[in-house]
Amino acid sequence: MAKKKRQTKTHLFKYEAKNRQGGKIKGEIGAANASLAKTAIRQQGLTPTRVTKKTELPFISGKRKIKPSDVAIFTRQLATMMRAGVPLVQSFDIVAEGSENLGMKEVVLQLKDDVESGGTFADALRKHPQHFDDLFCSLIDAGEQSGTLETMLDRVAIYKEKTEALKSKIKSAIKYPIAVIIVAAVVTTILLVKVVPTFGEMFESFGAELPAPTRFVIMLSDQLRAHGLVIGAVLIGLFVLFFQAKKRSENFSNKVDALSLKLPIFGDITLKATVARFARTLSTTFAAGVPLIDALEACAKATGNAVYRDAIYQVRNEVASGIQMHFAMRSAGIFPSLAVQMTSIGEESGALDDMLGRVATHYENEVDDAVDGLTSLLEPIIMSFLGIVIGGLVIAMYLPIFQMGDVVG
């Protein structure tokens, strides 16, 4: 059995060099060591005068977690470079040099080293499964084998951009109300812990019976001050327990996914986003020449919802047994009629990838409109909520003062 080749780690080197005209050049280059860095500089027609390893403190290095959006940007930049006629290895250098995330820059330079050493682009990507999933690697592999890597990179870039835009849209719709609720909770807690006790001590000196709203607010303040740490620990514990259960228990995670489709307002957005992701993934993989059965397998893994994942596996099994896909989708009972009808037209006309792309675009636009409408609807509701909570506390604390003023008057 052949011994597995050890992967060489790439480092960044700062260099100063002279060009053929004697002009001074400064820059950065990735290499395994200083000697290889000098060799790479000479290959560019430069004479290195100084080469030093680039070291940066962790808190100012710019190295951060690589996000799916970073992968989407990398794919688009690489597709643009190759479309412009730049060779793949040189494209890696250009993309790495322009990356602000040092983590992404290191990955790109490692990809370059693997490809330069004779490996395929797809095999190099498979060494980084945390950043490039099976679908991504399979599409690049298909592009390399068919000699259409440039076209495939463009398709993958569009797929990643559309997918990330959809995720970003949904996250923005969810983050806004959550952020406002957190702010309201913090402000309310400060009022109950710091402000209300001062009023409570003042009201005790009155010796008169307090209005019911005021007594209720003072009771909340007393309970929060007495058991605030316990309440906070319980809430944090429930939050952590929920996400751990969703991560570790497949049954619990499946139930959460099913519930997410039934939530008012948000359920409809989740459904449309899931269908859009399914159609976009299947359109991209099928257009890349991936067999329909394998494409459905990839879609099931990428759909992001257990209900649709299981339904797509059911569709895959029925298609494998000879049933047309639109019949299988209809029998699953959860795909919108528009998606089923467009799939039927695509199968009959032999343009399934094009029709699925149109389905994806339609539901992506539906999600955009739904999120925009939801944001417009939530703004007055949230403002009213804040007014009721904060205003209610203030009014409850001033009621005794108003009553005392009426008595004096």
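Residues numbered from 1 in each chain as written. Predicted model: local features only at pLDDT ≥ 70, side-chain atom pairs only at ≥ 80, totals over all residues. Heavy atoms only, no water.

**Notes on the overall build of the chain**
The helix and strand inventory of the chain stands at 15 helices and 3 strands. Relative to the 2.2 N^0.38 estimate, which gives 22 Å for 409 residues, the radius of gyration of the chain is 30 Å and therefore markedly larger than a compact globule would have. Projected onto the principal axes, the alpha-carbon positions of the chain cover approximately 95 × 65 × 45 Å. Out of the 409 residues in the chain, the part that is buried amounts to 38%. Pairs at least 24 residues apart make up 59% of the contacts formed inside the chain by residues separated by at least 6 positions. When the accessible surface of the chain is split by element, carbon and sulfur atoms take 59% of a total near 23,400 Å². Side-chain charges of the chain comprise 48 positive and 42 negative groups, with the mean position of each set lying 9 Å from the other. (Helix = DSSP H or I, 4+ residues; strand = E, 2+ residues; numbered from the N terminus. Rg over C-alpha atoms; globule rule 2.2 N^0.38 Å. Buried < 20%, exposed > 50% of the residue type's maximum accessible area, 1.4 Å probe, protein only. Contact = heavy atoms within 4.5 Å. Areas by Shrake-Rupley, 256 points an atom, 1.4 Å probe, with all protein chains shown as cover. Lys, Arg positive; Asp, Glu negative; His and termini not counted. Charge placed at Lys NZ, Arg CZ, Asp CG, Glu CD.)

**Concerning the nonpolar core**
Ranked by size, the top nonpolar core spans 77 residues in total, and within it F74, F121, F132 and F335 carry the most contacts. Element by element, the count of residues in this core is highest for helix α15 (residues 352-408), at 11 residues. Once residues lying within four places of it in the same chain are set aside, the contact partners of F74 are F92, V95, M104, V108, L111, F121 and F132. (Core = buried A, V, L, I, M, F, W, Y, C linked by side-chain atoms within 4.5 Å.)

**As for the packing of aromatic side chains**
This model, assessed by the stated rule, comprises 9 aromatic pairs. Between F199 and Y398, the aromatic rings sit 5.6 Å apart at their centres with planes inclined by 65°, giving edge-to-face as the arrangement. Here the residue F199 occupies a position in helix α7 (residues 149-204), and Y398 occupies one in helix α15, the gap between them amounting to 199 residues. Residue class for F199 comes out buried when judged on its relative accessible area of 17%. A relative accessible area of 35% places Y398 in the partly exposed class. On the numbers, 5.7 Å between centres and 80° between planes, the contact of F242 with F252 is edge-to-face. (Phe/Tyr/Trp six-rings, centres within 6.5 Å; stacked < 30°, edge-to-face > 60°.)

**Side note on the side chain of T281**
Relative to the assigned elements, T281 resides in helix α10 (residues 266-287). Residue T281 is classed as buried on the basis of its relative accessible area, which comes to 1%. With residues up to four places along the chain from it excluded, the contact list for T281 reads L135, Y159, C299 and A302.

**Description of the packing of α7 against α10**
Contact pair α7 / α10: the axes reach a minimum separation of 10 Å and the direction vectors enclose 175°. Between α7 and α10, the interaxial angle falls into the category roughly antiparallel. For the pair α7 and α10, contact is made by R155, Y159, K162, L166, I170, A173 and I174 and by F266, I269, A273, A276, R280, T281, T284 and A287, respectively. Class assignment for the residues of the contact of α7 with α10 results in 10 nonpolar, 2 polar and 3 charged. (Axes fitted to C-alpha atoms, helices over the stretch in contact; angles between N-to-C directions. Parallel < 35°, antiparallel > 145°, perpendicular 65-115°, else oblique. Nonpolar A, V, L, I, M, F, W, Y, C, P; charged D, E, K, R; others polar.)

**Some remarks on the side chain of E364**
For E364, the position within the fold is in helix α15. Reaching out from E364, the side chain makes a polar contact with the side chain of R280 at a distance of 2.9 Å. In this structure E364 touches K162, L166, A276 and R280, once residues within four positions along its chain are discounted. (Polar contact = N/O pair within 3.5 Å; in protein donor to acceptor, adjacent residues only side chain to side chain.)

**Brief notes about the pattern of salt bridges**
If you walk through the whole model with that rule in mind, you get 17 salt bridges. Where K272 meets E366, a salt bridge forms, and the shortest distance between an N and an O atom there is 3.0 Å. Taken together, the residues K272 in helix α10 and E366 in helix α15 connect sequence positions 94 residues apart. By relative accessible area, which is 15% here, K272 ends up buried. The residue E297 makes a salt bridge to R316 at a minimum N-O spacing of 2.9 Å. On the criterion of sequence distance, the pair formed by E297 in helix α11 (residues 292-302) and R316 in helix α12 (residues 306-320) is long-range, its members being 19 residues apart. What makes E297 partly exposed here is its relative accessible area of 23%. Three or more residues are tied together by salt bridges with common partners; here these are R76, R83, D154 and E161. (Salt bridge = Lys/Arg side-chain N within 4 Å of Asp/Glu carboxyl O.)

**Quick notes on the confidence of the model for the chain**
In the predicted model, the chain carries a mean pLDDT of 84, and the fraction of residues at 70 or more is 92%. A low-confidence stretch, residues 1-7 (pLDDT under 50), is modelled with 5 contacts involving residues beyond four sequence positions or located in other chains. Contacts from residues 56-62, a stretch scored under 50 in pLDDT, to residues over four places away or in other chains number 6 contacts. (pLDDT = per-residue confidence, 0-100.)

**Some words on the layout of surface pockets**
A probe matching the size of a water molecule, rolled over the atoms, marks out where space remains unfilled. The volume enclosed by the largest pocket comes to roughly 1,400 Å³. Lining of the largest pocket is provided by 46 residues; of these, I170, K171, I174, R277 and G304 occupy positions nearest its centre. If you list the elements that add at least two residues to the lining of the largest pocket, you get α2 (68-83), α6 (134-146), α7, α8 (212-248), α9 (250-260), α10 and α11. Ranked by residues supplied to the lining of the largest pocket, first place goes to α7 with 14 residues. For the lining of the largest pocket, the residue count by class is 26 nonpolar, 9 polar and 11 charged. (1 Å grid on protein atoms, 1.4 Å probe; cavity = no way out; pocket = protein on both sides within 12 Å on 5 of 7 lines; lining within 4 Å. Points joined across faces, edges and corners; volume = space filled by probe spheres on them.)

**Looking at a positive patch on the surface**
Residues K14, K18, K24, K26 and R50 make up a contiguous surface patch of positive charge. Elements that contribute at least two residues to the positive patch include exactly β1 (11-18) and β2 (24-31). Assignment of secondary structure puts K14 in strand β1. Looking at K14, the relative accessible area reads 45%, which means it is partly exposed. (Patch = residues over 30% accessible without salt bridge, like charges linked within 9 Å, V, L, I, M, F, W, Y side chains within 5 Å.)

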